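Structural characterization, general
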Amino acid sequence: MKHRLRLAALSALFITSLAQAAGSIDIDVHRDANCGCCKKWIEHLQANGFNVRDHVEADMSAVKQRLGVAPRLGSCHTAVIDGKFVEGHVPAEQVLALRKRDDLLGIAAPGMPMGSPGMEVDGMGAEAFQIIGLTRDGRDVLVADYPAR
Ligand SMILES: [Cu+2]
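First, a word on scope: everything that follows refers to the structure included in this document. It should be emphasised that the depicted structure is a prediction, and the values quoted were computed from it without experimental measurement.

Parameters at a glance
- Residues numbered from 1 in each chain as written.
- Predicted model: local features only at pLDDT ≥ 70, side-chain atom pairs only at ≥ 80, totals over all residues.
- Heavy atoms only, no water.
- Helix = DSSP H or I, 4+ residues; strand = E, 2+ residues; numbered from the N terminus.
- Buried < 20%, exposed > 50% of the residue type's maximum accessible area, 1.4 Å probe, protein only.
- Pairing = 2+ DSSP bridges.
- Right-handed = clockwise from strand over helix to strand, strands pointing away.

So, about unusual backbone geometry. Of note in this structure, Asp-82 is not a glycine but carries a positive phi near 50°. Residue position: Asp-82 is located in the loop between strand E3 (78–81) and strand E4 (84–88).

Listed below in structure tokens is the structure:
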């Protein structure tokens, strides 16, 4: 009986981790109504297993200010995961990595880098871009470097 209970607990754990892998990671995305590349970035997140809660906003600069996105890091949409911001066209793998970085307030792909997730243009390559982290004491740190392709 005891053994069976333990098995049940173990399989519940297993099912939970499967659900995580299959994409029950919630992320909130704030964007302007008519932002096409924002919608494409949302599709990129969904394809990578995120559960996206989509928020259409009237005033994105107010949202960015509220979430602590430094203007120098600004892009179009602003997402929030585990209380940290994700600004712009950040690849999903970096969003996952951010969950383990408690030293950072958030990360950003500043500007609108051509070829980054959601910014792909048929027949065009990708320009180089960087993922910048904002530390809790207000410094920018390099988190990842994506070369031109
Ligand atoms: Cu964009």
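So that's the structure; there's more coming.
Counting buried positions along strand E1 (residues 25–31) gives six out of seven residues, so the element sits mostly inside the fold. Judged from the seven bridges that link them, E1 and strand E2 (residues 50–56) form a sheet pairing that is parallel. When the bridges of E2 are listed, Ile-27 appears paired with Val-52. Running through helix H2 (residues 36–47), the crossover from E1 to the neighbouring parallel element E2 is right-handed. In terms of strand pairing, E1 meets E3 through three bridges, oriented antiparallel. Within E3, the residue paired with Val-29 across the bridge is Ala-79.

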